[in-house]
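# A structural walkthrough
What follows is each chain in one-letter form.
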Amino acid sequence: MQYIAGRYGWCVDLDVEKFFDRVNHDKLMGQIAKRVEDKRLRMLIRAFLKAGAMENGLVSPSVEGTPQGGPVTPLTQKVIWVAGLSVANYKIGLNSGAF
C-alpha cells in the first residue's frame, strides 16, 4: 500500500523459476570475493558449485547454476539477488531505497 500511496509508476513482477539454473559460476564467485575475504571459504563455495549431481549412478559435472537446497544456497542466492538489484537499479535509474 505504501507504494500506491507513494505514487510509484512501475510494478515489476519477476518469474525466477529457472534463473538460478543458469548462473555463471565465475561471475558469482567474483561477487562473493567482494564480500568474503577467506580464501578457504571461497574455495569451499566453488567446490559446492562445481560438485554436480548424481543421476542413475553417474556424476554429471555442473558448469553453471547454483545447487538448490544445499548448505550454500542461501549465501549464493542472496549474493545473486543483491548484485542483480544493484545492476537493475543502476541501469534504470532507481534509488535502491525504493525497494
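Residues numbered from 1 in each chain as written. Predicted model: local features only at pLDDT ≥ 70, side-chain atom pairs only at ≥ 80, totals over all residues. Heavy atoms only, no water.

## Describing the pattern of salt bridges
In plain terms, the rule: Salt bridges, as used here, are contacts in which a Lys or Arg side-chain nitrogen is within 4 Å of a carboxyl oxygen on Asp or Glu. Each helix is a run of DSSP H or I of at least 4 residues and each strand a run of E of at least 2, with the numbering of both proceeding from the N terminus. Buried residues are those whose accessible area, probed at 1.4 Å on protein chains only, stays under 20% of the maximum for their type, while exposed residues exceed 50% and partly exposed ones sit between those limits.
Scanning all chains against the criterion turns up three salt bridges. A salt bridge links Arg 46 to Asp 26; the shortest N-O distance between them is 3.1 Å. You can see Arg 46 sitting in helix H3 (residues 39-50) and its partner Asp 26 sitting in helix H2 (residues 25-35), a full 20 residues away along the chain. A residue is classified by how much of its surface remains accessible, and Arg 46, at 25% relative accessible area, is partly exposed.

## What about the packing of H2 against H3?
Formally: Fitting a line to C-alpha atoms yields each axis, with helices limited to the stretch in contact; the angle taken between N-to-C directions then spans 0 to 180 degrees. Relative orientations are named as follows: roughly parallel for angles under 35 degrees, roughly antiparallel for angles over 145 degrees, roughly perpendicular for angles from 65 to 115 degrees, and oblique for any other angle. Crossing chirality is assigned from the near helix's rotation relative to the far helix, an anticlockwise turn below a right angle marking it left-handed and a clockwise turn marking it right-handed. Any two residues having at least one pair of non-hydrogen atoms within 4.5 Å are treated as being in contact. When residue character is reported, Ala, Val, Leu, Ile, Met, Phe, Trp, Tyr, Cys and Pro are called nonpolar, Asp, Glu, Lys and Arg charged, and the others, Gly included, polar.
Direction vectors running N to C along H2 and H3 enclose 155°, while the axes themselves pass 11 Å from each other. With respect to H3, the axis of H2 lies roughly antiparallel. Between H2 and H3 the crossing geometry is right-handed. The residues of H3 that touch H2, namely those facing His 25, Asp 26, Leu 28, Met 29, Ile 32 and Ala 33, are Arg 42, Ile 45, Arg 46, Leu 49 and Lys 50. Of the residues that constitute the contact of H2 with H3, the class distribution is six nonpolar, one polar and four charged.

## Topic: H3
Owing to its 3.6 residues per turn, the α-helix aligns residues three or four sequence positions apart on the same side. Note the threshold: An expected span of 1.5 Å times one less than the residue number is assigned to each helix. Pairs of N or O atoms are called polar contacts if they sit within 3.5 Å, as long as, within protein, a hydrogen donor faces a hydrogen acceptor (for residues adjacent in sequence, only side-chain-to-side-chain pairs).
Here H3 contains 12 residues, and its C-alpha end-to-end distance of 16 Å stays within 8% of the 16 Å for a straight helix at 1.5 Å per residue. The backbone nitrogen of Arg 40 has a side-chain oxygen 3.0 Å away, supplied by the residue at the start of H3, namely Asp 38. Gly 52, located one to two residues past H3, shows a positive phi value of around 80°.

## With respect to the environment of Lys 18
On the secondary structure map, Lys 18 appears in the loop between helix H1 (2-5) and H2. Residue classification places Lys 18 among the exposed positions, given a relative accessible area of 55%. Along the backbone, Lys 18 and Gly 65 are 47 residues apart, and their C-alpha atoms lie at a distance of 9.2 Å.

## Focus on the confidence of the model for the chain
Which entries qualify depends on this criterion: You can read pLDDT as the predictor saying how much it trusts each residue, on a scale of 0 to 100.
With 75% of its residues at a pLDDT of 70 or more, the chain shows a mean pLDDT of 76. Here helix H4 (residues 73-92) stands out as the least confident element of the chain, with mean pLDDT 66; H3 is the most confident, with 91. Here residues 89-99 is modelled with pLDDT under 50, and outside its nearest four sequence neighbours on either side it reaches eight contacts, counting other chains as well.

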